[in-house]
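# Structure assessment
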Amino acid sequence: MRQIQHYVDGSSMAGTSDRFGDVFNPNTGEVQARVCLATAAELDAAVQVAAKAQIGWAATNPQRRARVMFDFKRLVEGRMDGLAEILSSEHGKVIADSKGDIQRGLEVIEFACGIPHILKGEYTEGAGPGIDVYSMRQPLGVCAGITPFNFPGMIPMWMFGIAIAVGNSFILKPSERDPTLPVRLAELLMEAGAPAGVLNVVHGDKVAVDAILHHPLIRAVSFVGSSDIASYVYATGAANGKRVQAMGGAKNHGVILPDADLDQAVKDLIGAAYGSAGERCMALPVVVPVGEKTAVALREKLLTEIDTLRIGVSTDASAHYGPVVSAAHKARIENYIQMGVDEGAELVVDGRGFTLQGYENGFFVGPTLFDHVKPEMKTYQEEIFGPVLQIVRAETFEEALRLPSEHPYGNGVAIFTRNGRAAREFASRVNVGMVGINVPIPVPVAYHTFGGWKRSAFGDTNQHGVEGVKFYTKVKTITARWPEGSVEDSAFVIPTMK
Ligand code: NAD
């Protein structure tokens, strides 16, 4: 059986733990490879390599570091088809969606190509007599990233793209469920000219994560995954003196006002709810029609669209979505569907028991629709992370605004309307981190920043954009005095600017 090894110091490193994780082909349900799960000693070996590499890398001028990013982008673009196939074969998302996953990561690399400009510091000439003040952003040292299964291309690039461009070295601990693409990305970064040891991939589970959180040489940890683990990573990393940003789960709402272009909104909703089998932190699994008439029309149009959905293997170019990532995740989604029934929601379309001819053991779940879901239901409160859309009916704008605002998660939200004033008020008042106005998946572009609120994010800096640069650097401020003339007297009080 194929073994997926760590990637340290520019080459493969065999695992020594004798512990492995199964990597499935979600289309067939078969185990296709085994990934090494690291020990704390293996993680330490990678950190020592990264710490050594970081010194020379930080001393490399930013323009040269940017050139590596330019070359990396070109290499990834040239291999897009093959990389997307690798991604799909372990994750299960369709090829076109895998290309989107990699492309969104490359957009952060494009941002990182501008790092010489972004890193320019601040300067004040003549802050006092003969005094100039300037500040600079310096890299932290060794940083680490712990990533989820659902974006094995984009999320690692969110992290290492910026961390490395500003002069850090990086340890990436990708999801053990789809670990091959991150290793390919690290190999391509070396091919693009990054010195060995600047990006290292260490596979693993809780043992590797805990080793990262306790390692004294790791200065910052970026995490993306589910909320309970995000909260643990944040608390443990911070208790060990690290800078931590930890993005968690989500339950994003799409609010439909009575004046919305319903045909367009339904098309948008279907893609956002069922695309990638609902395994996106910016999916829209909850729709809130305002008013009875909107709800009735919405339900009818949703049913028509759901009827046209095609579920297929990840290589089927005509499929709208493929299998979910594992048998355990499929069972979890199906349990939530049963829970929804038991809680009294109306199961309008049941995706359980869906099978694809020739792929009977694949991890497929059909599109599922619930109506009359109530805020107190557990299936509404919790993240399902599957192709399940819940209709929660609201009578007024205020009620629709309250639902996402009071929900424990606060990643993204969307409003569909033709009324600019209502959209503006909604965007201003809603208690959620990222808002779409007639945009179903409002993932900000790379030069803005990505981050939710409430249980969707722990820590206070977002991913990528200027916030990302701040996360991976520390500010140094220099006050320089070049006095003229005679010796000045000693000062025994704090200097002030009069
Ligand atoms: P997960 O929390 O199971 O795993 C994330 C990472 O944590 C993996 O690298 C995994 O190996 C590690 N991990 C797992 N169990 C651990 C433990 N007990 N202790 C320490 N580390 C552990 O998440 P997932 O299932 O891979 O990804 C899906 C989740 O990620 C969803 O909740 C989704 O909403 C969330 N997500 C959030 C964002 C965001 O930006 N907010 C983006 C993508 C995904």
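Residues numbered from 1 in each chain as written. Predicted model: local features only at pLDDT ≥ 70, side-chain atom pairs only at ≥ 80, totals over all residues. Heavy atoms only, no water.

### A look at the overall build of the chain
Quick reminder of the rule: The helix count covers DSSP runs of H or I at least four residues long, the strand count covers runs of E at least two residues long, and both are numbered beginning at the N terminus. Between buried and exposed lies partly exposed: a residue is buried under 20% and exposed over 50% of the maximum accessible area for its type, with that area taken using a 1.4 Å probe on protein chains only. Any pair of residues with heavy atoms lying within 4.5 Å of one another is described as a contacting pair.
Across its full length, the chain holds 16 helices and 23 strands. Dimensions along the principal axes, computed over C-alpha positions, put the chain at roughly 85 × 60 × 40 Å. Taken across its 498 residues, the chain has 56% of its residues classed as buried. Taking as baseline every contact in the chain between residues at least 6 positions apart, the subset at least 24 positions apart corresponds to 73%.

### Quick notes on the pairing of strand 11 (residues 218–224)
So the rule is basically this: One requirement defines pairing of two strands: DSSP has to find at least two bridges between them. Whether a crossover is right-handed depends on one test, that the path from the first strand over the helix to the second runs clockwise when the strands point away from the viewer.
Counting buried positions along strand 11 yields 6 of 7 residues, so the element is predominantly enclosed. In this structure, strand 11 lies alongside strand 12 (residues 243–247), joined through 5 bridges in parallel fashion. Of the residues in strand 12, the one forming a bridge with Phe 223 is Ala 246. On the question of chirality, the crossover connecting strand 11 to the parallel strand 12 by way of helix 9 (residues 227–239) is right-handed.

### Observations regarding the nonpolar core
To keep things clear, this is the line we draw: Among buried residues, the Ala, Val, Leu, Ile, Met, Phe, Trp, Tyr and Cys ones that are joined through side-chain atoms within 4.5 Å form a nonpolar core.
Residues Phe 72, Phe 170 and Leu 189 are the most contacted members of the largest nonpolar core, which totals 61 residues. Beyond its immediate stretch of four places on either side in the chain, Phe 170 contacts Cys 143, Ala 144, Gly 145, Met 159, Phe 160, Ala 163, Ile 164, Val 198, Leu 199, Asn 200 and Tyr 472. Of all hydrophobic cores here, the second largest spans 59 residues; its members include Val 287, Leu 309, Val 392 and Val 413.

### A word on the domain arrangement of the chain
Heads up, the condition is: Source of the domain bounds: an automatic or database domain assignment. When two parts are brought into contact, each loses some accessible area as probed by a 1.4 Å sphere; the total of that loss over both is the buried area.
When the domains of the chain are assigned, the result is domain 1 (2–248 + 456–478) and domain 2 (253–437). A separation of 31 Å is found between the C-alpha centroids of domain 1 and domain 2. The interface is formed by 20 residues belonging to domain 1 together with 25 residues belonging to domain 2. Interface of domain 1 and domain 2: buried area, both sides summed, is about 1800 Å²; carbon and sulfur atoms make up 57% of it. On the domain 1 side of the interface with domain 2, the three residues burying the most area are Asn 27, Val 94 and Ser 456, jointly 31% of the side's total.

### Some remarks on the packing of helix 2 (residues 62–78) against helix 4 (residues 95–113)
Let me state the cut-off plainly: Helix axes are fitted only over the stretch in contact, all axes being lines through C-alpha atoms; the angle between N-to-C directions runs from 0 to 180 degrees. Oblique is the label for every angle not falling under 35 degrees (roughly parallel), over 145 degrees (roughly antiparallel), or within 65 to 115 degrees (roughly perpendicular). Throughout, a crossing is termed right-handed when the near helix is turned clockwise from the far one, and left-handed when it is turned anticlockwise from it by less than a right angle. When residues are grouped by polarity, Ala, Val, Leu, Ile, Met, Phe, Trp, Tyr, Cys and Pro land in nonpolar, Asp, Glu, Lys and Arg in charged, and all others, Gly among them, in polar.
Their axes nearest at 8 Å, the elements helix 2 and helix 4 cross at an angle of 160°. On the basis of their axis angle, the class for helix 2 and helix 4 is roughly antiparallel. When the axes of helix 2 and helix 4 are compared, the crossing they make is left-handed. Across the interface between the two elements, Ala 66, Met 69, Phe 70, Phe 72, Lys 73, Val 76 and Glu 77 of helix 2 pack against Ile 102, Leu 106, Ile 109, Glu 110, Ala 112 and Cys 113 of helix 4. Taken together, the residues that form the contact of helix 2 with helix 4 break down as 10 nonpolar, no polar and 3 charged.

### Section: the side chain of Arg 280
Tracing the backbone through its elements, the reader meets Arg 280 in the loop between helix 10 (262–274) and strand 14 (286–289). For Arg 280, a relative accessible area of 15% gives the class buried. Residues in contact with Arg 280, not counting those within four places in the same chain, are Asp 97, Asn 150, Phe 151, Gly 271, Gly 275, Phe 385 and Ile 441.

### Brief notes about the side chain of Lys 73
Assignment of secondary structure puts Lys 73 in helix 2. Classification of Lys 73 as buried rests on a relative accessible area of 16%. Once you skip the residues sitting within four places of it in the chain, Lys 73 turns out to touch Leu 106, Ile 109 and Glu 110.

### Looking at the site of the ligand
To keep it simple, the criterion reads: Throughout this document, a residue counts as near a molecule or strand when at least one of its heavy atoms sits within 4 Å of that molecule or strand. Distance and chemistry together define a polar contact, namely a pair of N or O atoms within 3.5 Å, with one atom able to donate a hydrogen and the other to accept it when in protein, and with adjacent residues in sequence counting only for side-chain atoms on both sides. All accessible areas in this document rest on Shrake-Rupley with a 1.4 Å probe, and a residue is counted as covered only by the protein chains that are shown.
With respect to spatial proximity, 29 residues lie near the ligand, and among them Thr 147, Lys 173, Glu 176, Ser 226 and Glu 383 are the closest. Contact distances for the ligand include 3.0 Å between an oxygen atom and a backbone N or O atom of Phe 149. Burial of the ligand by the protein amounts to 88% of the accessible area it has alone, namely 850 Å². Looking at the shell around the ligand, the elements that each hand over two or more residues are helix 8 (206–214) and strand 11.

### Examining the sheet that holds strand 16 (residues 368–371)
Pairing within the open sheet is mixed, and its 7 strands lie in the order 15-16-17-14-13-19-20. Whereas interior strands pair on both sides, the edge strands pair on one side only; in this sheet they are strand 15 (346–349) and strand 20 (434–437). In this sheet, neighbouring strand axes are inclined to one another by 20° on average, regardless of whether the strands run parallel or antiparallel. Two elements, strand 19 (residues 412–416) and strand 20, share 4 bridges in a ladder whose sense is parallel. Of the residues in strand 20, the one forming a bridge with Ala 414 is Gly 436. Together, strand 15, strand 16 and strand 17 (388–391) form the strand contacts of helix 12 (residues 327–343), whose direction differs from that of strand 16 by roughly 25°. Across the sheet, helix 15 (residues 420–429) lies against strand 13 (253–256), strand 19 and strand 20, angled at about 170° from strand 20, the strand it touches most.

### A closer look at a positive patch on the surface
Convention followed: The patches reported here contain residues having more than 30% relative accessible area and no salt bridge. Joining distances are 9 Å for like charges and 5 Å for nonpolar side chains (Val, Leu, Ile, Met, Phe, Trp, Tyr). By convention in these notes, a salt bridge is any Lys or Arg side-chain nitrogen within 4 Å of a carboxyl oxygen on Asp or Glu. We score Asp and Glu as negative and Lys and Arg as positive, and we do not count His or the chain ends. Taken as the charge location is NZ of Lys, CZ of Arg, CG of Asp or CD of Glu.
A surface patch of like charges, here positive, comprises Arg 219, Arg 243, Lys 474 and Lys 476. Topologically, Lys 474 is positioned in strand 23 (residues 473–481).

### Considering the state of the cysteines
For the record, the criterion: Only a pair of cysteine sulfur atoms within 2.5 Å qualifies as a disulfide here.
Summed over the entire model, instances satisfying the criterion amount to 0 disulfides. Free of any disulfide, Cys 143 has its nearest cysteine sulfur in Cys 113, 19 Å distant.

### Quick look at the sheet that holds strand 1 (residues 2–4)
Taken in spatial order, the 3 strands line up as 1-5-4 in an open sheet, and their pairing is mixed. The two strands at the open ends of the sheet, each matched to only one other strand, are strand 1 and strand 4 (20–25). When the angles between neighbouring strand axes are averaged without regard to direction, this sheet yields 35°. Bridging between strand 4 and strand 5 (residues 30–36) involves 6 bridges; their strand directions are antiparallel. Considered in strand 5, the bridge of Phe 20 is made with Cys 36. Sheet contacts for helix 3 (residues 80–91): strand 1, strand 4 and strand 5; angle to strand 4, the most-contacted strand, approximately 105°.

### Description of the pattern of salt bridges
Using the criterion set out here, one finds 27 salt bridges in the structure. Across the pair Lys 206 and Asp 210 runs a salt bridge whose closest N-O atoms are separated by 3.0 Å. With Lys 206 and Asp 210 both in helix 8 and 4 residues apart, this pair spans about one turn of that helix. Through salt bridges with shared partners, a single ionic network connects Glu 292, Arg 299, Glu 346, Asp 371 and Arg 393.

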